[in-house]
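In case you want the letters, here they are:
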Amino acid sequence: MPSSPLFNPPSPDAAGKPTVPAWVPPPITKQTDGFATLKSIDLSKMDSDDPKVVAELVEEVKVAIRDDGFIFLENYGISYEQLNRQFSLAQYLYNNISEEDKERLLFDPETGRWSGYKHPYGFKKKRGVPDGIEQFNWYNREWQDINRIPSCLHPFMDEIEAFCNYLTKSVNRRLLTLFSRVLELPDDYLWDNVQSHGSPTGEGYFRHALFRPVEKTTQEQSKGLRMHGHTDFGLTTLLFSVPISCLQIWGRDEQWYYVPYKPGALVINIGETLEIVSGGHFKATRHRVFRPPADQLHEERLSLVLFNSSLGNLRMTPAKDSPLIQREGCIEEQGVFKEFQAIMRQGVPVPTNQQWREVQIAEATDPTDTERNRIGADQILIDGKLMQNRQYFGVKVLLPV
Ligand SMILES: O=C(O)CCC(=O)C(=O)O
Ligand SMILES: [Fe+2]
């Protein structure tokens, strides 16, 4: 393969840019139990001249997405310094965003998108119980109109846009090539047929998130949960590994494990689209955000995430051309793929990707919602395990709490 260009962003020191204080990574936890062991993929191996190295890489990816669903990605083309600059910009946002911009750019999840500024009072537009989570989400409309961006970030949009373009069109595209190869399909199959295009994040979005420590009352209502257990909707989610350990993955032994910190690495999360296209050979990663270990409870957590979305007008079905699927069939073990198959068998069309992601955003509930988060309402006990049980478009969504 020809070698992939490294990330080469516009200069942070260009004339007219305010000085941005460097983000200082907070101390890592001393706790060692309760952490997952994840495989790590060296993406630069894709550029090797030796076909054997590349074939081994595809095999490694195949095993990792089958076993864990979360994989670390290293040597993907962005240096640790370049990454820290993006965290510094996110920190700068939360230190400088004006009250007027928070109000003017306030999100409206009922539209089915997180687009704009999320206040730290839950996942509805109307303020609810404080959850300590602020976000800014860049969708297509934010890329198109600078007035939809907090003014403190205007001088840095060249760097943020270049970062998202690189993540979507280089890192994600290379990953989709590897995944296409696992399915034994042409290299650009997923990129050309499933990935959405047309903005630095296609129909997906980029997020600056800040998790502040929560008050005792919030902590009691949510039982330590910051975001419900869920699977992401799209193709790949690129999460940056961060020092404050809150992200947890649901293990095959049906327990939650923290994702360890690997400085500079990306945590790649498989979304529902890939689970369906792959006929269940890839598992959408079940994950949640939980309170960190005790020695990190008082730290703020910055998190940068890029969500790659599929084409909104598609109704997802397994890629029938895949020799892997033809040979081995589909795997109906878990999750949305199994449920989509069930409703298709009844002759009911599955929702489009856009309908599917928008209904889930519009109907998201808060971990502090003590009305909904109880057995008989949104929760159910199955074999002694507490599960969140929701239904959208006739599709059952069952997730561990
Ligand atoms: O902040 C994180 O680490 C994960 C957030 C997440 O899972 C999501 O927003 O879908
Ligand atoms: Fe997620």
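Just so we're clear, the structure is a prediction, and the values are computed from it rather than from any experiment.

Student: So what's going on with the overall build of the protein chain? Which residues, and what values?
Tutor: A tally of helices and strands in the protein chain yields 11 helices and 15 strands. Rg of the C-alpha trace for the protein chain: 20 Å, near the compact-globule value of 21 Å for 401 residues, within the 12% margin. For the protein chain, the spread of C-alpha atoms along the principal axes amounts to about 55 × 55 × 45 Å. Evaluated residue by residue, the protein chain yields a buried proportion of 56% over its 401 residues. Sequence-distant contacts, at least 24 apart, represent 74% of the contacts inside the protein chain between residues at least 6 apart.

Student: Go over the coordination of the iron ion (ligand 2) with me, naming the residues and quoting the values.
Tutor: Coordination of the iron ion (ligand 2) by the protein is provided by His230 (NE2), Asp232 (OD) and His287 (NE2), with metal-donor distances spanning 2.1 to 2.2 Å. Each donor residue of the iron ion (ligand 2) lies on one chain, and together they are spaced H-x1-D-x54-H.

Student: Please provide a residue-by-residue account of the packing of helix H1 (residues 51-67) against helix H5 (residues 157-182), values included.
Tutor: Contact geometry of H1 with H5 gives a least axis separation of 9 Å together with a crossing angle of 85°. Taken as axis vectors, H1 and H5 run roughly perpendicular relative to one another. On H5, the residues touching Val54, Leu57, Val58, Val61, Lys62 and Ile65 of H1 are Leu178, Phe179, Arg181 and Val182. A breakdown of the residues in the contact of H1 with H5 according to their chemical character gives eight nonpolar, no polar and two charged.

Student: I'd like a description of the UniProt feature "domain: Fe2OG dioxygenase" (unreviewed entry) in the protein chain, backed by residues and values.
Tutor: Mapped onto this numbering, the UniProt entry annotates "domain: Fe2OG dioxygenase" (unreviewed entry) at residues 205-310. For the annotated span residues 205-310, helix accounts for 12% and strand for 39% of the residues, and the straight-line distance between the end C-alpha atoms is 11 Å.

Student: Let's hear about H1: which residues, and what values?
Tutor: Residue pairs three or four apart in sequence face the same way in an α-helix, which turns once every 3.6 residues. Helix length check: H1 (17 residues) gives 24 Å between terminal C-alpha atoms against 24 Å at 1.5 Å per residue, within 8%. Buried residues in H1 make contact with strand S1 (40-42), strand S2 (70-74), H5 and strand S10 (266-270). Its side-chain oxygen placed 2.9 Å from the backbone nitrogen of Lys52, Asp50 serves as the N-cap of H1. Gly69 sits one or two positions beyond H1 and adopts a positive phi of about 80°.

Student: Hey, could you go over the site of ligand 1 for me, with residue numbers and the actual values?
Tutor: By nearness alone, every residue bordering ligand 1 is listed as Arg207, Phe211, Met227, His230, Asp232, Leu239, Leu247, His287, Val289, Arg301, Ser303 and Phe307. In the environment of ligand 1, an oxygen atom lies 3.0 Å from a nitrogen or oxygen atom belonging to the side chain of His287. Ser303 has a polar side-chain atom sitting 2.9 Å from an oxygen atom of ligand 1. Starting from 290 Å² of accessible surface for ligand 1 in isolation, the protein chains cover 95%. When contributions to the shell around ligand 1 are tallied by element, the ones reaching two or more residues are strand S5 (205-211), strand S6 (225-230), strand S11 (287-290) and strand S12 (301-307). The element that contributes the greatest number of residues to the shell around ligand 1 is S12, accounting for three residues. A per-class count over the shell around ligand 1 returns six nonpolar, three polar and three charged.

Student: If you had to explain unusual backbone geometry to someone new, which residues and values would you point to?
Tutor: Its identity as a non-glycine residue notwithstanding, Asp383 has a phi of 50°, on the positive side. For Phe393, which is not glycine, the phi dihedral falls at a positive 50°. Within the element layout of this structure, Phe393 appears in the loop between strand S14 (385-392) and strand S15 (395-400). Looking at Phe393, the relative accessible area reads 44%, which means it is partly exposed.

Student: Explain the pattern of salt bridges residue by residue, including any values.
Tutor: This model, assessed by the stated rule, comprises 24 salt bridges. We note a salt bridge from Lys102 to Glu99, for which the minimum N-O separation is 3.2 Å. Of this pair, Lys102 and Glu99 are both found in helix H3 (residues 99-104), three residues apart, which corresponds to roughly one turn of the helix. Between Arg327 and Glu328 there is a salt bridge, with the nearest N and O atoms lying 3.9 Å from each other. Relative accessible area serves as the criterion here: at 52%, Arg327 is assigned to the exposed category. Overall, Glu328 belongs to the partly exposed group, its relative accessible area being 49%. Residues joined in a network through salt bridges with shared partners are Lys17, Arg85, Asp158 and Glu159.

Student: Lay out the sheet that holds S15 in plain terms, naming residues and giving numbers.
Tutor: Taken in spatial order, the three strands make up an open sheet running S13-S14-S15, and their pairing is antiparallel. Of all strands in the sheet, those with a lone pairing partner are strand S13 (379-382) and S15, marking the two edges. Neighbour-to-neighbour, the strand axes of the sheet open up by a mean angle of 40°, direction not taken into account. Sheet topology note: the S13/S14 ladder contains four bridges and is antiparallel.

Student: If you had to explain the packing of aromatic side chains to someone new, which residues and values would you point to?
Tutor: Taken as a whole and judged by the stated rule, the model has 19 aromatic pairs. Aromatic pair Trp138 and Trp143: ring centres 6.1 Å apart, planes at 25°, arrangement stacked. By the burial criterion, Trp138 is buried, and Trp143 matches it. An aromatic cluster of at least three residues, connected via ring pairs, comprises Phe7, Trp23, Phe87, Phe136, Trp138, Trp143, Phe163, Tyr166, Phe206 and Phe240. We note Lys262 situated over the ring of Phe72; from NZ or CZ to the ring centre the distance is 5.5 Å.

Student: An account of the pairing of S15 is needed here, citing residue identities and associated values.
Tutor: By the bridge criterion, six bridges tie S14 to S15 in an arrangement that is antiparallel. Pairing of Asn389 across the sheet is with Leu398, part of S15. Taking the residues that link successive antiparallel strands as the turn, the S14-S15 hairpin has two residues, and the phi of Phe393 there is positive, at about 50°.

About the thresholds
- Residues numbered from 1 in each chain as written.
- Chains lettered and ligands numbered in written order.
- Predicted model: local features only at pLDDT ≥ 70, side-chain atom pairs only at ≥ 80, totals over all residues.
- Heavy atoms only, no water.
- Helix = DSSP H or I, 4+ residues; strand = E, 2+ residues; numbered from the N terminus.
- Rg over C-alpha atoms; globule rule 2.2 N^0.38 Å.
- Buried < 20%, exposed > 50% of the residue type's maximum accessible area, 1.4 Å probe, protein only.
- Contact = heavy atoms within 4.5 Å.
- Donors = N, O, S within 2.8 Å, 3.2 Å for Na, K, Ca; no water.
- Axes fitted to C-alpha atoms, helices over the stretch in contact; angles between N-to-C directions.
- Parallel < 35°, antiparallel > 145°, perpendicular 65-115°, else oblique.
- Nonpolar A, V, L, I, M, F, W, Y, C, P; charged D, E, K, R; others polar.
- UniProt positions renumbered as here; feature names shortened; annotations may be inferred.
- Expected span 1.5 Å × (residues − 1).
- Polar contact = N/O pair within 3.5 Å; in protein donor to acceptor, adjacent residues only side chain to side chain.
- Near = heavy atom within 4 Å.
- Areas by Shrake-Rupley, 256 points an atom, 1.4 Å probe, with all protein chains shown as cover.
- Salt bridge = Lys/Arg side-chain N within 4 Å of Asp/Glu carboxyl O.
- Pairing = 2+ DSSP bridges.
- Phe/Tyr/Trp six-rings, centres within 6.5 Å; stacked < 30°, edge-to-face > 60°.
- Lys NZ or Arg CZ within 6 Å of the ring centre and 35° of its normal.

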